[in-house]
Every structure is written in C-alpha cells, then in structure tokens.
Amino acid sequence: MMETELTLVHRAQRGDHAAFEELVRRTSRLVFARLYLETGDTHQAEDLLQDALLIAFRTLGQLKELDKFRSWLLRIAQNVAIDAGRRLSVHKRALERETIKRQRHGDMTPGPDEEVEQEELRQKVLVVLRSMPEEYRLALTLHYLVGADHETIQMQMGLTNGALRGLLHRGMNRMHAEMHKILGEPVAC
Amino acid sequence: MSEHTWVQENLNAYVTGGLSAQERGRGEKHVASCSECTHEQADICETEQLMEGIFARVRPDAGLEDRAIHQLRQARKPRPSWMRFVTATAAVIVLGLIGGAVQMFALDGALPFQVAQVDGGRPMKWMAREVILGRSGSSRAVSRSR
Ligand SMILES: [Zn+2]
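All values reported here derive from a predicted model rather than from experimental measurement. By convention here, each chain's residues receive numbers from 1 onward along its written sequence. Chains and ligands are labelled sequentially in the order written, the chains with letters from A and the ligands with numbers from 1. Totals for whole chains, interfaces and linings use every residue, but because this is a predicted model, local features are given only for residues with pLDDT of at least 70 and side-chain atom pairs only at 80 or more, for both listing and counting. Note that water and hydrogens are dropped before the side-chain values are worked out from all heavy atoms of the structure.

**Q** What is the right way to look at the overall build of chain A in this model?
**A** Check the secondary structure of chain A and you find nine helices and zero strands. Only runs of H or I of at least four residues qualify as helices and only runs of E of at least two qualify as strands under DSSP, and these elements are numbered from the N terminus. When the helices and strands of chain A are listed from N to C terminus, the series reads α-α-α-α-α-α-α-α-α. Residue burial is assigned from relative accessible area. The probe radius is 1.4 Å, only protein chains are included, and a residue is buried under 20% of its type maximum, exposed over 50%, and partly exposed in between. With 189 residues in all, chain A has 46% of them scored as buried. A fraction of 66% describes how many contacts in chain A between residues 6 or more apart in sequence connect residues 24 or more apart. Split by element, the accessible area of chain A, about 9500 Å² in all, is 53% carbon and sulfur. Throughout, a contact is declared for two residues whenever any of their heavy atoms are within 4.5 Å. What sets the accessible areas is the Shrake-Rupley method with a 1.4 Å probe; for residues, cover comes only from the shown protein chains.

Right, here's the structure in full:
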C-alpha cells in the first residue's frame, strides 16, 4: 500500500532519508513545472529544482503544518527562482542556452527558422499559462509542458482522480480557447 | 446526466489517460454518434499535438527524479576523513596563533602589531593605501605623481 504523504513527511522530519526521497519522487515534477513557468528554460528549471530540494531537506524541521508540505516546497522553489532571477537575467541565459544547444545538435534539430518559430510559440504558450488561474495553472503546466499523464499529475499534485478530472475539464477548455486566439481556427487531426 | 454531458465533462480526462477501460468504451461509443463531441475531441486532439510538437524536445526526461535524489545523496555525504583531519589541524594552528597574540597583549599591555598613526589629518583612505603598498607617510606625493 502507498504510504500517505503525512506519514512520509513525519518520518523525513525524524531523519529518515528514504522517506524524504519518496517525497522527492512524488513532487519533483510539480516543482519543476513551477520553475519552468518562472524561467522558461528546462536546464535552469532542473538546476533550481536541485537547489530547492536541498533547502527543503535542510530546513524540513522548520515545517510546522505537516499537511502543507507541497505548498511549503513550492514556496521555497519560488524564492529560489526569485534569487536566481536577481543573480542573472533569466531570459538572457535561456536564450544563450538555446543558441548553444542549437549549435551543438546541428542537423538533429529543426532548421533555424523552424526552431525560432517554435521558441516564439513556446514563449506565447508560457504567457497564456502564466495568466491562467492558480487553481489549474500547475496541472496544465504539468500536462502540456512537462508531458505528464493523468496518473502522474494526480500523484504530483496530491489529488484524487475525480478532483483532477474537474480541474482539467475547466482548465483545458480554457486553454483551447486561448490557443485558438493565438493560432486561429483549429484544424482537425 | 445525459451521455452527451458526461462525455463533454470527461473528454479531457480521456485524452490525458484518466478514464478506466470501461469509461473509455462509453465515451467512444457516444462520440461515434455525436457530431458536437466529435468536433470537440478533434479540437482537444489538435491542442495536444501542437503542445507535443513544441515542448517534446525541452521536457525533462524519465531520469529527473533519479538525478535529483543522486545529487541530494552527494550533498549529505560526510566529507572524507583526510579532509576532516586537514580541517582540524588548520583549526588548531589558527587557535594557537590567536592564543599567542592574546597572551602577548595581556603581558605587554600593547597590541602585538603596529597600528598606523594618525598623521596631519590626512584622509584615512590614503593611509590605508600606503599601508597596503608598504610606503611611508612621506611617499604620498611620489605615489600620486607616478
Ligand atoms: Zn455528444
């Protein structure tokens, strides 16, 4: 049987490393989604995820409301992203990384024009996602950006199947409407 | 709830893989006979394909969690024993030096190093510069004219 999150947090607070690692498995993609929304760059999001997890590991003892582990961790991630943003212009670095990646992979990636077009589209989708209500912003980011399926999103957000269905119903419908504004009328697939 | 309403509310869960096999069958049966739901499904499908196309290359891979856990383990690893020995030795030397200095101060009633004297009201930053450069007070003009 799957251990409840509350039990895991409690065990982790008493120094059980395996329990903390299980929490990492259950929340890493959610934190990554939050950081991707902030930075728009997959490598930086992963670096910051690492920073956030290490801070969480070292300060877990300070968490008083054990059932608020997720929101506590997301707050840490948010602060880590803000600090990183201060250190260096995030978007500047993202662009630099994109250029290096493009040079490194050469013929494996789409042509420069196509890649520029895709990057523009990615940035537009990010803007739409950032404007979504908090309620389903992370669920949508997990699905579209991180590529998570229903079961993964459920675990990462700590939701039941039914609760997530409701969220996705409202969120994805809104997302389709926003995407139509960007792209014009849909084409059947 | 009518079949149509049920399908409308669950089409997104169908696409993300949130329905049971039985529910999927129920949805597919209705969609096959309803033009509105067919249209809706095509719409959802289009957004899915578009997102797949633009984000597939930048998504985190399956190893994300393993990498995170590996790095956490590295971070909490105790330092090797030779490193701890070097740190401890350095601490002993530093403490010894401080102890010696304090003792000299206690015996002589003076600081064990020379302190720059305030000289003709010159700005402190010039004095600091001269101390760093190892010049005497009179060399100020020379150092400035260089
Ligand atoms: Zn219908």
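Having put the structure on the table, let's press on.
**Q** What should I look at first to understand the domain arrangement of chain A in this one?
**A** Much of the literature gives interface size as the accessible area that the parts lose upon coming together. Residues and elements named next belong to chain A. Segmentation of the chain into domains, including their bounds, is taken from an automatic or database domain assignment. Along its sequence, chain A is organised into domain 1 (1–109) and domain 2 (111–189). Two parts lose some accessible area (1.4 Å probe) when they are put together, and adding that loss for both gives the buried area. Counting the surface lost from both domain 1 and domain 2, the interface buries some 1700 Å², and carbon and sulfur atoms represent 63% of this. Any carboxyl oxygen of Asp or Glu within 4 Å of a side-chain nitrogen of Lys or Arg constitutes a salt bridge here. Where domain 1 meets domain 2, there are one salt bridge. In this structure, Glu 134 engages Arg 34 in a salt bridge whose closest nitrogen and oxygen atoms are separated by 3.5 Å. Nitrogen and oxygen atoms within 3.5 Å of one another constitute a polar contact, given that in protein one can donate a hydrogen and the other can accept it, and given that sequence-neighbouring residues count only through two side-chain atoms. Counting across the interface, domain 1 meets domain 2 through eight residue pairs in polar contact (both at pLDDT 80 or more). A total of twelve residues in the side of domain 1 that touches domain 2 trace back to one element, the largest contributor, which is helix α2 (residues 17–39). Note on residue classes: Ala, Val, Leu, Ile, Met, Phe, Trp, Tyr, Cys and Pro are nonpolar, Asp, Glu, Lys and Arg are charged, and everything else, Gly too, is polar. For the side of domain 1 that touches domain 2, the residue count by class is six nonpolar, five polar and eight charged.

**Q** Any chance you could explain the pattern of salt bridges here in plain terms?
**A** Residue and element names in this part refer to chain A. Summed over all chains, the structure comprises 23 salt bridges over all chains. Residues Arg 170 and Glu 135 are paired through a salt bridge, measuring 2.6 Å at the closest nitrogen-oxygen approach. Linking Arg 170 in helix α9 (residues 161–183) with Glu 135 in helix α7 (residues 134–144), this pair joins segments that are 35 residues apart in sequence. A relative accessible area of 42% means that Glu 135 is categorised as partly exposed.

**Q** Before we go on, may I ask you to explain the coordination of the zinc ion in this structure?
**A** Ligation of the zinc ion by protein atoms is provided by B:His4 (ND1), B:His30 (NE2), B:Cys34 (SG) and B:Cys37 (SG), these donors lying 2.0 to 2.3 Å from the ion. Donor criterion used throughout: N, O or S atom within 2.8 Å of the metal, extended to 3.2 Å for Na, K and Ca. Water excluded; incomplete-looking sites may result. For a four-donor site, all angles between 85 and 135 degrees give tetrahedral; for four or six donors, opposite pairs above 155 degrees with the remaining angles between 65 and 115 give square planar or octahedral; all remaining cases count as irregular. One can describe the donor arrangement at the zinc ion as tetrahedral, given that its four donor atoms subtend angles of 105 to 117° at the metal.

**Q** When you look at the packing of α9(A) against helix α1 (residues 3–16) of chain B in this model, what are you seeing that I'm missing?
**A** For any two helices packed against each other, one specifies the inter-axial angle together with the distance between the axes. Running from N to C, α9(A) and α1(B) point in directions that differ by 90°, and their axes come no closer than 8 Å. In terms of orientation, α9(A) and α1(B) fall into the roughly perpendicular class. Contact with α9(A), carried on its side by A:Arg165, A:Leu168, A:His169, A:Met172, A:Asn173 and A:His176, involves B:Gln8, B:Glu9, B:Asn10, B:Asn12, B:Ala13 and B:Thr16 of α1(B) and no other residues of that element. Taken together, the residues that form the contact of α9(A) with α1(B) break down as three nonpolar, seven polar and two charged. Whenever a helix is involved, its axis is fitted only over the stretch in contact; in every case the axis is a line through C-alpha atoms, and angles between N-to-C directions fall within 0 to 180 degrees. Roughly parallel refers to an angle under 35 degrees, roughly antiparallel to one over 145, roughly perpendicular to one between 65 and 115, and oblique to any angle outside these ranges.

**Q** Looking at this structure, how should I read the layout of surface pockets?
**A** All names here are of chain A. Space inside the second largest pocket adds up to approximately 190 Å³. At the level of secondary structure, the elements contributing two or more residues to the lining of the second largest pocket comprise α4 (69–87) and α7. The element contributing the most residues to the lining of the second largest pocket is α4, with four residues. Per-class residue counts for the lining of the second largest pocket are seven nonpolar, one polar and five charged. Inspection of the lining of the second largest pocket shows a minimum of three residues originating in each of domain 1 (1–109) and domain 2 (111–189). In this analysis a 1.4 Å probe is tested at points of a 1 Å grid over the protein atoms alone, and where it fits but cannot get out there is a cavity; an open set with protein on both sides within 12 Å along at least five of seven lines is a pocket; lining residues have an atom within 4 Å of a point. Grid points are joined across faces, edges and corners, and a volume is the space filled by probe spheres set on the points.

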